[in-house]
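Analysis of the macromolecular model
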Amino acid sequence: MLKIEVKPGESIERALKRYKRKYRNTKRLDQIRDRQEYTKKSVAKRKTLKKAQYKEQFLNDQENI
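Let me begin by describing the structure that accompanies this report. (Residues numbered from 1 in each chain as written. Predicted model: local features only at pLDDT ≥ 70, side-chain atom pairs only at ≥ 80, totals over all residues. Heavy atoms only, no water.)

Thoughts on helix 1 (residues 12–26)
Taking 1.5 Å per residue, 15 residues should reach 21 Å; helix 1 reaches 21 Å between its end C-alpha atoms and fits that length. Immediately downstream of helix 1, the backbone of K27 shows phi near 60°, a positive value. (Helix = DSSP H or I, 4+ residues; strand = E, 2+ residues; numbered from the N terminus. Expected span 1.5 Å × (residues − 1).)

Description of the environment of L16
With respect to the helices and strands, L16 occurs in helix 1. Remark: the alpha-carbon pair of L16 and K45, spanning 29 residues in sequence, is separated by 36 Å.

Examining the pattern of salt bridges
For the structure on display, the rule yields 1 salt bridge. Ionic pairing is found between R18 and E10, a salt bridge with its closest N-O pair at 3.1 Å. (Salt bridge = Lys/Arg side-chain N within 4 Å of Asp/Glu carboxyl O.)

Structure representation (structure tokens):
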């Protein structure tokens, strides 16, 4: 369970924004979406390889700038 303590003088909207950011960083929602349907191992492996290739390309482009 995530706990967010509201600091003195902090608005509720700001505390909610911190909570949402913390929740998003736990990647819980991604896990829930992944478990909604079965993906074959080969498809998952292909997806991770494609993501790694994209990251590598992105980092190489950042270095060249």
